[in-house]
Each structure stands twice: as C-alpha cells, then as structure tokens.
Amino acid sequence: MPVLSNRINQNTMRNHKNVMNKLKVFSMALVGVVLLIQWGCNQGPREGTREAQAMRGKAIFGEQCISCHGMDQIAPTRTDLEKKAADLTRIMERRRAKDFPIVEIAQIIDGRQWVKSHGDREMPVWGEVYDSLGMDKDEIRGRKGELIAYLMSIQK
Ligand code: HEC
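Since the model is a prediction, treat every value here as computed from it, not as a measurement.

(A) Structural context of the site of the ligand. Within the structure, the ligand sits among 22 residues, and Cys65, Cys68, Ala85, Arg121 and Met123 are positioned closest to it. Listed by contribution, the elements that provide at least two residues to the shell around the ligand are helix H3 (66–69), helix H4 (91–95) and helix H5 (102–110). Split into classes, the residues belonging to the shell around the ligand amount to 14 nonpolar, 3 polar and 5 charged.

Printed below as a string of structure tokens:
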C-alpha cells in the first residue's frame, strides 16, 4: 500500500509539473501577444523623442506659419508681404551650415530679442504672441522646440 501511494504521488507530481510547464509556455505566449498588440498600437513616434516633437511642431506650423511660408505642396496665401517669407526648407543651405542653427532660429521665431537689434519685421513676434496667449516661459520654450524640431526635419 505505501508503495502504491508513493507511485500515485509520483504520478501526480509528474502531472502537476506537466501542467505547470504548459502554463508557463502559455503565459509566455500571452505576454508575447500583448507586447505585439502594444507595438502595433504604438506605431506613432514615442513621446519625448524628436519625432514626436516634430509632429507637434508640424501641426502648429500648419496653423500659424503656413499662410506666409507655405508647407509641403501648399503655397502661401499671404501674397501682400513686402518681403517674401523665407523658404524654411533651406535654412541650413542658405547659411551653408553643417548643423542646424538652433539658437539663432529660436531667437528669430521668438523675435523679442531679435526685433531689438534688427528693428521691425513682417513676421509676427511669436514670443510676444505666445506670451499674450498666457503661455509661460517653459511653454514658450517648448513650443519653439517643437517648431524647430519640425523645421530640422524638412531641411533640404
Ligand atoms: C505674416 C507672415 C508670416 C508668418 C505668419 C510667419 N512668418 Fe516666418 N517669416 C516671414 C517673413 C516675411 C520672413 C523673412 C524675414 C522677415 O523679414 O521677417 C520670415 C522668416 C522666418 C524665419 C527665418 C528664416 C531664415 O532662414 O532666416 C523663420 C525660422 C521663420 N520665419 C519661422 C516661422 C514660424 C515657425 C512661423 C509660425 C510660428 C512663421 N515663421 C510664421 C513671415 C511670416
């Protein structure tokens, strides 16, 4: 009798192990499927990356800059400007720059410092515009960062 119950015990243990192994394989497969689904849903650029920044910059550009500068295949609609708005795909080419002039372009877009040293301009002083919309310093810096990330992505 003790021998028999021992055998039964061994059998149940073996069965148990089998079940556990199957369970392990199954849960690993499940994790794989969940990861795949997540990956599939996450095809946009990851938050915090330059791509994500550029995408937000592009959206803003399409609202606030497109009328004068145009965008992709869309021509500018503001034809009453004294000075033609610069082609923003050639910022680096015009300057023969190897690196994108981030600081300079941030100052040009912001305009508050720029206007002090260069005088009036036709482009809105975006730093003032954003300030008057209630954006704080960090938000304005973030906004310029997004616009610049977009401009960097369209350089020829
Ligand atoms: C009302 C028309 C107008 C709008 C709107 C406008 N711009 Fe401009 N932008 C200009 C003009 C004109 C110039 C050429 C410099 C000048 O005389 O102001 C210029 C120049 C620039 C330059 C300098 C390019 C270089 O190579 O020096 C940058 C960068 C720029 N704009 C970015 C922007 C961004 C970003 C926006 C939207 C947030 C914007 N502009 C909206 C008219 C406009």
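(B) Inspection of unusual backbone geometry at higher detail. The phi dihedral of Asp72 falls on the positive side, at around 45°, and the residue is not glycine. Turning to its location among the elements, Asp72 is positioned in the loop between H3 and H4.

(C) Structural view of the nonpolar core. By size, the foremost hydrophobic cluster in this structure holds 8 residues: Ala54, Ile91, Ile109, Leu147, Ile148, Ala149, Tyr150 and Leu151. With 5 residues, helix H8 (residues 137–153) is the largest single contributor of residues to this core. Among residues more than four places away in sequence, those in contact with Ile109 are Trp126, Lys144 and Leu147.

(D) Fine view of the environment of Met123. Looking at where Met123 falls in the secondary structure, it is placed in the loop between helix H6 (112–118) and helix H7 (126–132). Residues Met123 and Leu81 lie 42 residues apart in sequence; the distance between their C-alpha atoms is 9.3 Å.

(E) Looking closely at H8. Between its first and last C-alpha, H8 extends 24 Å over 17 residues, near the 24 Å set by a 1.5 Å rise per residue. Summarising the contacts, the buried residues of H8 are in contact with helix H2 (50–64), H4, H5 and H7.

(F) Local environment of the packing of H5 against H8. Relative orientation of the contacting elements H5 and H8 amounts to 120°, with a least axis distance of 10 Å. One element, H5, and the other, H8, form an angle in the oblique class. Crossing geometry of H5 relative to H8 is assigned as right-handed. Counted together, Ile102, Ile105, Ala106, Ile109 and Asp110 of H5 and Lys144, Leu147, Ile148 and Leu151 of H8 form the full contact between these two elements. Of the residues in the contact of H5 with H8, the class split is 7 nonpolar, no polar and 2 charged.

(G) Looking closely at the packing of H2 against H8. H8 packs onto H2 with a crossing angle of 95° between their chain directions and a minimal axis gap of 7 Å. Judged by the inter-axis angle, H2 sits roughly perpendicular to H8. Contacts between H2 and H8 involve Arg50, Gln53, Ala54, Arg56, Gly57, Lys58, Ile60 and Phe61 from the first element and Arg143, Gly145, Glu146, Leu147, Ala149, Tyr150 and Ser153 from the second. Tallied by class, the residues present in the contact of H2 with H8 amount to 6 nonpolar, 4 polar and 5 charged.

(H) View of H2. With 15 residues, H2 extends 20 Å between its outermost C-alpha atoms, agreeing within 8% with the 21 Å of an ideal straight helix rising 1.5 Å per residue. Gln53, Ala54 and Gly57 are the residues of H2 that are buried. For H2, the buried positions fall inside an angular range of 95° around the axis, keeping them on one side. Exposed and facing more than 90 degrees away from the buried side of H2 are Ala59 and Glu63. Those residues of H2 that are buried lie in contact with H8.

(I) Representation of the environment of Ile108. Looking at the element boundaries, Ile108 is found in helix H5. You can call Ile108 partly exposed: it has 18 C-beta atoms within 10 Å. A C-alpha to C-alpha distance of 18 Å links Ile108 and Glu63, two positions 45 residues apart in sequence.

(J) Quick look at the environment of Lys116. Mapping Lys116 onto the fold places it in helix H6. In sequence terms Lys116 and Pro45 are 71 residues apart; their C-alpha atoms lie 38 Å from each other.

Rules used in this analysis
- Residues numbered from 1 in each chain as written.
- Predicted model: local features only at pLDDT ≥ 70, side-chain atom pairs only at ≥ 80, totals over all residues.
- Near = placed C-beta within 6 Å.
- Helix = DSSP H or I, 4+ residues; strand = E, 2+ residues; numbered from the N terminus.
- Nonpolar A, V, L, I, M, F, W, Y, C, P; charged D, E, K, R; others polar.
- Core = buried A, V, L, I, M, F, W, Y, C linked by C-beta atoms within 7 Å.
- Buried ≥ 20, exposed ≤ 12 C-beta atoms within 10 Å, placed from the backbone.
- Contact = placed C-beta atoms within 7 Å.
- Expected span 1.5 Å × (residues − 1).
- Axes fitted to C-alpha atoms, helices over the stretch in contact; angles between N-to-C directions.
- Parallel < 35°, antiparallel > 145°, perpendicular 65-115°, else oblique.
- Left-handed = near helix turned anticlockwise from the far one by under 90°.
- Arc of directions from axis to C-beta.

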